[in-house]
Amino acid sequence: MPLPVAHALAGACLATAAWPAEKPRLLQALAVGAVLGALPDADYLLNWVGIFGKGWHHGFTHSLVFALAVGAVAAVAVRLRFRRGWLACSLAALTHPVMDYLLTESRGVALFWPFSDARLKLAFEPLSWYQMDHFSGLGRLGSLAAQSGLELLLLVPLVGAAVAIYRRRAARRD
């Protein structure tokens, strides 16, 4: 299960790489992408508040429909040209359910909600946070720090590549 560090970096990476060239705002692209990448885990609040009962994690907020809808809202909110802005924002939001699909050890994610309530997962266990926690011997906080460090090592170079793509596209615009 990716931690918030990985979700935010993956969202920032795709949003920045796809950000509309007519809106050259690198920090905005990184920030919007990071927020959208982590946003689906706001469903933890639904569990915590308990209004809808338990078991909401990896539900509708981890669906393709949610990613497309929140991408549209975000594109309008930050005043991007709709098609390209919607693509950039939706891709950022979509990184989250895809990463959870690939790596979750839960019962899966509701990728195709509202069309299906089926929970899907690939669950590549060696990168599971729970596996790393179990074998690390570092304790829970040490394991969280180690996992976050690994996520940084894996994803920061990708964010750097996305920034380079963004800058090249922005330079062509000038």
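Residues numbered from 1 in each chain as written. Predicted model: local features only at pLDDT ≥ 70, side-chain atom pairs only at ≥ 80, totals over all residues. Heavy atoms only, no water.

Some thoughts on unusual backbone geometry
Now for step 1: Look at the link from Trp113 to Pro114: it is a cis peptide, with omega at 5 degrees.
Now for step 2: As for its placement among the helices and strands, Pro114 is situated in the loop between helix H5 (82-103) and helix H6 (129-136). (Helix = DSSP H or I, 4+ residues; strand = E, 2+ residues; numbered from the N terminus.)

Quick word on the nonpolar core
One broad rule of soluble globular proteins: the nonpolar side chains tend to lie buried together.
Now for step 1: Of all hydrophobic cores here, the largest spans 28 residues; its most connected members are Trp19, Val32, Leu36 and Cys89.
Now for step 2: If one sorts the elements of this core by residue count, helix H1 (residues 4-18) sits on top with six residues.
Now for step 3: The contact partners of Cys89, leaving out residues within four places of it in the chain, are Trp19, Val32, Leu36, Gly71, Ala74, Ala75 and Leu80. (Core = buried A, V, L, I, M, F, W, Y, C linked by side-chain atoms within 4.5 Å. Buried < 20%, exposed > 50% of the residue type's maximum accessible area, 1.4 Å probe, protein only. Contact = heavy atoms within 4.5 Å.)

Overview of a nonpolar patch on the surface
Now for step 1: A contiguous nonpolar surface patch, about 410 Å² in accessible area, is contributed by Val65, Phe112, Trp113 and Phe115.
Now for step 2: With respect to the helices, strands and loops of the structure, Val65 is situated in helix H4 (residues 64-77). (Patch = residues over 30% accessible without salt bridge, like charges linked within 9 Å, V, L, I, M, F, W, Y side chains within 5 Å. Areas by Shrake-Rupley, 256 points an atom, 1.4 Å probe, with all protein chains shown as cover. Salt bridge = Lys/Arg side-chain N within 4 Å of Asp/Glu carboxyl O.)

Topic: the packing of aromatic side chains
Now for step 1: All told, the structure shown has two aromatic pairs when counted by the stated rule.
Now for step 2: Considering the side-chain rings of Phe60 and Phe66, the 6.1 Å spacing of their centres and the 80 degrees angle between planes classify their relative orientation as edge-to-face.
Now for step 3: Judged by relative accessible area, Phe66 falls into the buried class, the value being 18%.
Now for step 4: Judged by centre distance (5.5 Å) and plane angle (50 degrees), the rings of Phe60 and Trp113 are tilted. With Phe60 in the loop between helix H3 (43-49) and H4 and Trp113 in the loop between H5 and H6, this pair connects stretches of sequence that are 53 residues apart.
Now for step 5: By relative accessible area, Phe60 is classed as partly exposed at 25%.
Now for step 6: A relative accessible area of 31% places Trp113 in the partly exposed class.
Now for step 7: One aromatic cluster is present, built from ring pairs that chain together Phe60, Phe66 and Trp113. (Phe/Tyr/Trp six-rings, centres within 6.5 Å; stacked < 30°, edge-to-face > 60°.)

Details of helix H7 (residues 139-173)
Now for step 1: A rise of 1.5 Å per residue sets the reference length of H7, with its 35 residues, at 51 Å; its end C-alpha atoms lie 50 Å apart and thus fit the reference within 8%.
Now for step 2: For H7, the principal kink sits at Leu155 and spans about 30 degrees; a proline, Pro157, occurs within the next four residues. (Expected span 1.5 Å × (residues − 1). Bend = angle between axes of the 7 residues up to and from the residue.)

Regarding the environment of Arg84
Now for step 1: Relative to the elements of secondary structure, Arg84 occurs in helix H5.
Now for step 2: Given a relative accessible area of 34%, Arg84 falls into the partly exposed group.
Now for step 3: Every residue in contact with Arg84, bar those within four places of it in the chain, is listed here: Ala17, Ala18, Trp19, Pro20 and Arg169.

Overview of the confidence of the model for the protein chain
Now for step 1: When pLDDT is averaged along the protein chain, the result is 84; 86% of the residues meet or exceed 70.
Now for step 2: Between the elements of the protein chain, mean pLDDT differs from a low of 55, seen in H6, to a high of 97, seen in H4. (pLDDT = per-residue confidence, 0-100.)

With respect to H1
Now for step 1: Its 15 residues place the ends of H1 21 Å apart at the C-alpha level, agreeing with the 21 Å of an ideal helix rising 1.5 Å per residue.
Now for step 2: Every buried residue of H1 is listed here: Ala6, His7, Leu9, Ala10, Gly11, Ala12, Cys13, Ala15, Thr16 and Ala18.
Now for step 3: The inward-facing, buried residues of H1 abut helix H2 (26-38), H5 and H7.

Things to note about the packing of H1 against H5
Now for step 1: Where H1 meets H5, the axes come as close as 8 Å, and the angle between the chain directions of the two elements is 155 degrees. Compared by their axis directions, H1 and H5 come out roughly antiparallel. Relative to H5, H1 is oriented so that their crossing is right-handed. Residues Ala6, His7, Ala10, Gly11, Leu14, Ala15, Ala17 and Ala18 of H1 touch H5, and the partners they reach there are Arg84, Ala88, Leu91, Ala92, Thr95, His96, Met99 and Asp100.
Now for step 2: Across the contact of H1 with H5, the residue classes tally to 10 nonpolar, four polar and two charged. (Axes fitted to C-alpha atoms, helices over the stretch in contact; angles between N-to-C directions. Parallel < 35°, antiparallel > 145°, perpendicular 65-115°, else oblique. Left-handed = near helix turned anticlockwise from the far one by under 90°. Nonpolar A, V, L, I, M, F, W, Y, C, P; charged D, E, K, R; others polar.)

Notes on the environment of Trp19
Now for step 1: Mapped onto the secondary structure, Trp19 falls in the loop between H1 and H2.
Now for step 2: Judged by relative accessible area, Trp19 falls into the buried class, the value being 0%.
Now for step 3: For the pair formed by Trp19 and Leu80, sequence separation is 61 residues and the distance between their alpha carbons is 8.8 Å.
Now for step 4: Apart from residues lying up to four places away in sequence, Trp19 is in contact with Arg25, Gln28, Ala29, Val32, Val78, Leu80, Arg84, Ala88, Cys89, Tyr166 and Arg169.

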